[in-house]
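Chain by chain, the residues run as shown.
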Amino acid sequence: MKVTLSALDTHESSFLPLVVIELAQDVKEETKEWLKARIITKKKDGGAQLLFRPLLNKYEKETLENQNLYLVGASKIRLLLGAEAVGLVKECSDNTMRAFTYGTRHNFKDFDDDNDDFLSMAERQFIIKHELENLRARDEKMIPGYPQAKLYPGKSLLRRLLTSGIVVQVFPLHDNEALKKLEDTWYTRFTLKFQPIDRIRGYFGETIALYFGFLEYFTFALIPMAIIGLPYYLFAWEDYDKYVIFASFNLIWSTVILEVWKRGCASMTYRWGTLVMKRKFEEPRPGYHGVLGINPVTGREEPLYPSYKRQLRIYLVSLPFVCLCLYFSLFVMMIYFDMEAWALGLHEDSGSEWTSILLYVPSIIYAIVIEIMNRLYRYAAEFLTSWENHRLESAYQNHLILKVLVFNFLNCFASLFYIAFVLRDMKLLRQSLATLLITSQILNQIVESLLPYWLQKKHHVRVKKKVEALKADIDATLYEQVVLEKEMGTYLLAFETMSVISVVTNCALIGMSPQVNALFSESKTDLILIVVAVEHMLLALKFILAFAIPDKPRHIQMKLARLEFESLEALKQQQMKLTAENLKEECREGGKETVP
């Protein structure tokens, strides 16, 4: 029997909460009722068809006072149908990766009607998030109870509720038992072993798993560079032949590790199903808005927005803003060099121990300013990219990465280029590079690890005390978990570009060295031509290596090709069946003999 969304019950009183919606304290009742109705209403009527209830006391009577927290979940069948709708790819019993469909669910590995673990926690929460984000206005002109919060057909309801301050946040709820198991195999015991990347993916999703997978891979890949580069840092060699060898090794190393990572990444993403997922017909991202209409390619109803308006926003607003930020970054850099000159002059005049320490202060201050500017610019870049109104999430991410990459590169490395090619001060270059890198690492560890850990511990103590006072009236375990988690903070082209830049800069630095210049004292033109020729040869070697090492392993290429072939064959069969049905219908209408 075929199961449809319209047959599902959306009024189950008890369900596993997957996502929490926190409303503002003074939200009106009519707004709450409207939001609830839109979440539980059937898909065909414009709803999300999910399960929804407030966080109740132990008597299941009323919401806790001043706690506008609501739990969202879905039945097992609804999640499976949602998996089909989002194009989730799972492993079949024959070890191939295919898009999941509810009708062929028994063909997939580890599926059982009595097994609730077929979909991972990350996949279930992704489905809920997808359905909530794709709730769009239909006939509403405003959010009920808030006439100033205007709506129009196609507008994302969740995004409008967030920007209006009606919804404070939407966050996934942890599965404490699964999280504890992951912690035990991941980081609670200090042992030298690989991270459980597949388990991380199952709980947190593909993006987080790839992040930690890359960190692990890159850490190991840095070991040979660190071993070879250590003598160059400890000993101030004047023989630049040694640096030529190191620069050449750096080129080969950066190319090989990138290509090997691509292969490893392809294997992981194929195993997880994301490499197989088709991105050609992505649904509009939640923040995308426009007049509701019919997509001429897919035939689906979605917001439509003229591309020329987006281009005007990019070239007339975003691009000038990015250029202004780059100019400001260079201005701050020149202030840093004034501070360096002041500290150096002070040290030369006095020559004391404390002034020698003072020489590092400008670099430390500049490193802190760089981190602050990077973070502030990131917020501005996210706002601008969202305002540009890109239809696809992939387009949004590409434009955001481009903005951030350009600014971060100039902001972080412009001073080093200036020291190397304008001031030509190798001692200052070594000092600035070391100071900037060490300071940046310390700041990142404090902001991304120590500070969140301390704040979370401090908040956890406050929640414990509050729970003790309310234990008589509430389901303490669930309440504590929800209130604790609602306070938690929300926490590659790039490498190709960096590797090419590294080749050019290394060749230029070697060409500027006194030893090399002494060899071409009579003709600087010959020196420039030789440096350019060597740089081109090294780049050619880099691209040959990149071409020689395939991005995807052979067995992954074969599996993808087979899936593509099977998809084409299935499409042919579907078209032949449709043609035969049309011929039969024409024969019936014409009173002719039925085509077999």
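Bear in mind that the values here come from a model prediction, so they are computed numbers and not experimental data. (Residues numbered from 1 in each chain as written. Predicted model: local features only at pLDDT ≥ 70, side-chain atom pairs only at ≥ 80, totals over all residues. Heavy atoms only, no water.)

**Q** Describe in detail the confidence of the model for the protein, supporting the description with residues and values.
**A** Parts of the prediction with low pLDDT should not have their coordinates interpreted in detail. Summarising the model, the protein shows a mean pLDDT of 78, and 75% of its residues fall at 70 or more. Averaged pLDDT values for the elements of the protein fall to 56 in helix α14 (residues 476-485) and rise to 92 in helix α1 (residues 29-40). Below a pLDDT of 50 lies the segment residues 469-476, which in the model reaches twelve contacts outside its immediate sequence neighbourhood of four places, other chains included. A low-confidence stretch, residues 592-596 stays under pLDDT 50, and its non-local contacts, those more than four residues away or across chains, total five contacts. (pLDDT = per-residue confidence, 0-100. Helix = DSSP H or I, 4+ residues; strand = E, 2+ residues; numbered from the N terminus. Contact = heavy atoms within 4.5 Å.)

**Q** Give me the packing of helix α3 (residues 121-133) against helix α6 (residues 197-204): which residues, what numbers.
**A** At a closest axis distance of 4 Å, the pairing of α3 and α6 adopts a crossing angle of 30 degrees. When the axes of α3 and α6 are compared, the pair comes out roughly parallel. Contact residues: Met-121, Ala-122 and Glu-123 in α3; Arg-201, Gly-202, Tyr-203 and Phe-204 in α6. Looking at the contact of α3 with α6 residue by residue, the classes come out as four nonpolar, one polar and two charged. (Axes fitted to C-alpha atoms, helices over the stretch in contact; angles between N-to-C directions. Parallel < 35°, antiparallel > 145°, perpendicular 65-115°, else oblique. Nonpolar A, V, L, I, M, F, W, Y, C, P; charged D, E, K, R; others polar.)

**Q** Describe the packing of aromatic side chains, and please don't skip the residues or the numbers.
**A** What the rule picks out here adds up to 17 aromatic pairs. Consider the rings of Phe-52 and Tyr-70, whose centres lie 5.3 Å apart with planes at 5 degrees: the pair is stacked. Pair noted here: Phe-52 is in strand β2 (residues 51-54) and Tyr-70 is in strand β3 (residues 69-73), with a separation of 18 residues, a long-range link. Residue class for Phe-52 comes out buried when judged on its relative accessible area of 11%. Consider the rings of Tyr-336 and Phe-337, whose centres lie 5.0 Å apart with planes at 45 degrees: the pair is tilted. Taking relative accessible area as the criterion, Tyr-336 reaches 2% and is therefore assigned buried. Accessibility expressed as a relative area gives 9% for Phe-337, which makes it buried. Linked through ring pairs, Phe-100, Phe-108, Phe-111 and Phe-118 together constitute an aromatic cluster. Looking at Arg-105, its charged tip hangs above the ring of Tyr-102, at a distance of 4.0 Å from the centre. (Phe/Tyr/Trp six-rings, centres within 6.5 Å; stacked < 30°, edge-to-face > 60°. Buried < 20%, exposed > 50% of the residue type's maximum accessible area, 1.4 Å probe, protein only. Lys NZ or Arg CZ within 6 Å of the ring centre and 35° of its normal.)

**Q** Describe α3, and please don't skip the residues or the numbers.
**A** Helix length check: α3, at 13 residues, gives a terminal C-alpha distance of 18 Å against a target of 18 Å (1.5 Å per residue), a fit within 8%. The buried count for α3 comes to eleven of 13 residues, which makes it a mostly enclosed element. For α3, every residue scored as buried is listed here: Met-121, Ala-122, Glu-123, Arg-124, Gln-125, Ile-127, Ile-128, His-130, Glu-131, Leu-132 and Glu-133. (Expected span 1.5 Å × (residues − 1).)

**Q** Which residues make up the nonpolar core, and what values go with them?
**A** Membership of the largest hydrophobic core comes to 56 residues, with the highest contact counts inside it found for Ile-21, Ile-39, Leu-50, Leu-119, Ile-128, Leu-132 and Ile-143. Excluding residues within four positions of it along the chain, Ile-39 makes contact with Ile-21, Ala-48, Gln-49, Leu-50, Phe-52, Leu-132 and Leu-135. Counting residues in each nonpolar core, the second largest holds 24 residues, with Val-332, Phe-337, Tyr-396 and Ala-420 among its members. (Core = buried A, V, L, I, M, F, W, Y, C linked by side-chain atoms within 4.5 Å.)

**Q** I'd like to hear about the packing of helix α9 (residues 307-350) against helix α11 (residues 361-387), residue by residue, with values.
**A** Remark: α9 packs on α11, axes separated minimally by 11 Å, with the N-to-C direction vectors making an angle of 175 degrees. As the angle between them shows, α9 and α11 are arranged roughly antiparallel. Classifying every residue of the contact of α9 with α11 gives 19 nonpolar, three polar and two charged.

**Q** Lay out empty space enclosed by the protein in plain terms, naming residues and giving numbers.
**A** Here the largest cavity is characterised by a volume of approximately 80 Å³. What lines the largest cavity is Ile-21, Trp-34, Leu-35, Arg-38, Ile-39, Leu-132, Leu-135, Leu-157, Leu-158, Leu-161 and Val-167. Taken together, the elements giving at least two residues each to the lining of the largest cavity come down to α1 and α4 (157-163). The greatest single-element share of the lining of the largest cavity, amounting to four residues, is contributed by α1. Looking at side-chain class alone, the lining of the largest cavity contains ten nonpolar, no polar and one charged residues. (1 Å grid on protein atoms, 1.4 Å probe; cavity = no way out; pocket = protein on both sides within 12 Å on 5 of 7 lines; lining within 4 Å. Points joined across faces, edges and corners; volume = space filled by probe spheres on them.)

**Q** So what's going on with a nonpolar patch on the surface? Which residues, and what values?
**A** Taken together, the side chains of Tyr-308, Leu-312, Tyr-315, Leu-316, Val-317, Leu-319, Phe-383 and Trp-387 define a hydrophobic patch exposed on the protein surface, amounting to about 860 Å² of accessible area. Of all elements in the fold, only α9 and α11 reach the threshold of two or more residues within the nonpolar patch. The element that contributes the greatest number of residues to the nonpolar patch is α9, accounting for six residues. Topologically, Leu-312 is positioned in helix α9. (Patch = residues over 30% accessible without salt bridge, like charges linked within 9 Å, V, L, I, M, F, W, Y side chains within 5 Å. Areas by Shrake-Rupley, 256 points an atom, 1.4 Å probe, with all protein chains shown as cover. Salt bridge = Lys/Arg side-chain N within 4 Å of Asp/Glu carboxyl O.)

**Q** Before we move on, could you go through the sheet that holds strand β1 (residues 19-23) and cite the residues and values that matter?
**A** Read from one edge to the other, the open sheet built from four strands follows the order β2-β3-β1-β8, with strand pairing classed as antiparallel. Where the open sheet ends on each side, the last strands, each with one partner, are β2 and β8 (167-172). Pairwise comparison of adjacent strand axes, ignoring direction, gives a mean angle of 20 degrees for this sheet. In terms of strand pairing, β1 meets β8 through five bridges, oriented antiparallel. Bridging across to β8, Ile-21 finds its partner in Val-170. (Pairing = 2+ DSSP bridges.)

**Q** I'd like a rundown of the side chain of Glu-22, residues and numbers included.
**A** With respect to the element layout, Glu-22 can be found in strand β1. A distance of 2.8 Å separates polar atoms of two side chains, one belonging to Glu-22 and the other to Gln-169. (Polar contact = N/O pair within 3.5 Å; in protein donor to acceptor, adjacent residues only side chain to side chain.)

**Q** Talk me through the pattern of salt bridges; I want residue IDs and the actual numbers.
**A** Overall, the coordinates contain 18 salt bridges when judged by the stated rule. Between Arg-98 and Asp-94 there is a salt bridge, with the nearest N and O atoms lying 3.9 Å from each other. Asp-94 sits in the partly exposed class, given a relative accessible area of 48%. A salt bridge links Glu-382 to Arg-378; its shortest N-O distance comes to 3.0 Å.

**Q** Any chance you could break down helix α12 (residues 393-423) for me, citing the residues and the numbers?
**A** The terminal C-alpha atoms of α12, which comprises 31 residues, lie 43 Å apart, in line with the 45 Å expected from a rise of 1.5 Å per residue. Roughly 50 degrees is the biggest bend found in α12, and it falls at Phe-413. If you check which residues of α12 are buried, you get Tyr-396, Leu-400, Lys-403, Val-404, Phe-407, Asn-411, Ala-414, Ser-415, Leu-416, Ile-419 and Ala-420. Immediately beyond the C-terminal end of α12, within one or two residues, lies Arg-424, with a positive phi of roughly 55 degrees. (Bend = angle between axes of the 7 residues up to and from the residue.)

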